[in-house]
Amino acid sequence: MANYTTIEAEARARAGKGAARATRRGGKVPAVIYGAHLSPELIALDPRLVYRELHHSGWRSRLFEVKVGEAATRVLIRDVQFHPVTDQPVHVDFQRLAPGEKIRVAVGVVFHNEGTSPGLKRGGVLNVVRHSVECLVDPDHVPPHFDADLGALDINDTVRWSALTGTEGIRPSIGDRDFVIATIAPPTKGAEPVAEAGATPVVAAAPVKAAPAKAAPAKGGAAPAKAPAKAPAKK
C-alpha cells in the first residue's frame, strides 16, 4: 500500500486572477485540484506546508491526500508556479487520482554498496544516466524508490532496468529495451596543471645582442661641425 502525505487546505469560492491575488493577500497559496473526469476544486494552502513539501526530494512523484474539512482527495503535485523575483510559490496544480486508473510518475533510483564496488575502489566513476525512471503505475502501489546494487560492479559494468529491485508489477514508459540506469566509467586521467585566470605565461627568450648606439642628431637638426683648418706654415 502506498503512503500518502496529508495536506490541510481551505476551500475557495471564486476563480480568476483577482480571486487568486486576494488569496495571496490573505497569506495563502491558491491551488486547484483537477482530473478524474470531475469538476476542478479550488483550494487555498498554508505556504508553510507548501515549503515543507517542496523541500523534500521527489515531490513530483510523492502521493498526497488533500483534506478540505472532512473530505479527502488523493492527488499528485503536477506543477508549482513561482514568483519571478522572490521565488515564492504563487500557485499549485494537483492532479486528482482516480481509483484503478494508472498514473505516469517518475520514481527515483537509490544506489547501494558504493563502498564495496570493485570498479569504484579502483578509481572508477559512477556515471548516473537516469536519477529517476518514469513509470505507469497504480496510485495505490507507487514505490518510494527503486534500488540499484553496485556491490559487484567493476569498471565498464552497467546497471540496467532489469537489475533494479522494487519494480515488481511496474511498467516503465520506455518499453522497447532494457535501458541503462548507470555505468561504472574508467578513471579519468590526471589533468595537466592549469594556469590561473589572467596569468601571463612566462617564456624563456634567447639573449639578444644590443646594436651599437648611433649618435643622436643635434638639437634642431643642425649638421655636425667640420674639423678646424690647419694654420699656415711660418716663413
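Calculation notes
- The residue numbering used here restarts from 1 in each chain and proceeds along that chain's sequence as written.
- Local features in this predicted model are restricted to residues of pLDDT 70 or higher, and side-chain atom pairs are both shown and tallied only at a pLDDT of 80 or more, whereas totals for entire chains, interfaces and linings draw on every residue.
- Side-chain descriptors were evaluated using all non-hydrogen atoms of the structure, hydrogens and water having been removed beforehand.
- pLDDT gives the predictor's per-residue confidence on a scale running from 0 to 100.
- The contact rule is simple, with two residues in contact once any of their heavy atoms fall within 4.5 Å.
- Working definition of a nonpolar core: buried Ala, Val, Leu, Ile, Met, Phe, Trp, Tyr and Cys residues. They are joined through side-chain atoms within 4.5 Å.
- Only protein chains enter the calculation, and the probe is 1.4 Å; a residue is then buried if its accessible area is under 20% of its type maximum, exposed if over 50%, and partly exposed in between.
- Under the DSSP-based scheme used, a helix requires at least four consecutive residues in state H or I and a strand at least two consecutive residues in state E, with every element numbered from the N terminus.
- Each patch is assembled from residues with relative accessible area greater than 30% and no salt bridge, linking like charges that lie within 9 Å and nonpolar side chains (Val, Leu, Ile, Met, Phe, Trp, Tyr) that lie within 5 Å.
- Per-residue and other accessible areas were derived by the Shrake-Rupley procedure at a 1.4 Å probe size, with only the shown protein chains allowed to occlude residues.
- A side-chain nitrogen of Lys or Arg and a carboxyl oxygen of Asp or Glu constitute a salt bridge if their distance falls within 4 Å.
- His is not counted here, nor are the chain ends, while Lys and Arg score as positive and Asp and Glu score as negative.
- Note on charges: their place is set at NZ of Lys, CZ of Arg, CG of Asp or CD of Glu.
- Note: two strands are recorded as paired if DSSP finds a minimum of 2 bridges between them.
- Axes here refer to lines fitted to C-alpha atoms; in helices the fit is confined to the stretch in contact. Angles between the N-to-C directions go from 0 to 180 degrees.

Here we look at the confidence of the model for the protein
Taken over all residues, the pLDDT of the protein has a mean of 83, while the share at 70 or more is 80%. With pLDDT under 50 throughout, residues 191-206 is counted as low confidence; its partners more than four residues away or in other chains account for 0 contacts.

Examining the nonpolar core
One finds Val133, Phe146, Leu164 and Ile181 to be the most contacted residues of the largest nonpolar core, which totals 27 residues. Elements that contribute at least two residues to this core include exactly strand E7 (103-112), strand E9 (132-137), strand E10 (146-149) and strand E13 (180-185). Ranked by residues supplied to this core, first place goes to E7 with 5 residues. Once residues lying within four places of it in the same chain are set aside, the contact partners of isoleucine 181 are Val109, Phe111, Val128, Val129, Arg130, Val133, Val159, Arg160, Trp161 and Leu164. In this structure, Ile43, Val75, Ile77 and Val92 belong to the second largest nonpolar core, which totals 19 residues.

A word on a positive patch on the surface
On the surface, a cluster of positive charge is made up of Lys17, Arg21, Arg24 and Arg25. Mapped onto the elements of the fold, arginine 24 is located in helix H1 (residues 17-25).

Details of the sheet that holds strand E1 (residues 4-11)
The 6 strands are arranged E1-E3-E2-E6-E5-E4 in a closed barrel whose pairing can be described as mixed. Taking the axes of each pair of neighbouring strands and ignoring which way they run, one obtains an average angle of 45° across the sheet. When E1 meets strand E3 (residues 38-45), the two strands line up antiparallel, connected through 3 bridges. In the sheet register, glutamate 10 faces E3, and the bridge partner there is alanine 44. Packing of H1 onto the sheet brings it into contact with strand E2 (29-35), E3 and strand E6 (89-96), and relative to E2 it is tilted by some 130°. Contacts from helix H2 (residues 47-54) reach E1, E2, E3, strand E4 (63-68), strand E5 (71-82) and E6 within the one sheet, and its direction differs from that of E1 by about 155°.

A short note on the environment of valine 128
Structurally, valine 128 can be placed in strand E8 (residues 125-128). For the pair valine 128 and isoleucine 184, spaced 56 residues apart in the sequence, the C-alpha separation amounts to 8.7 Å. Setting aside anything within four residues of it in sequence, one finds valine 128 in contact with Phe111, Ile181 and Ala182.

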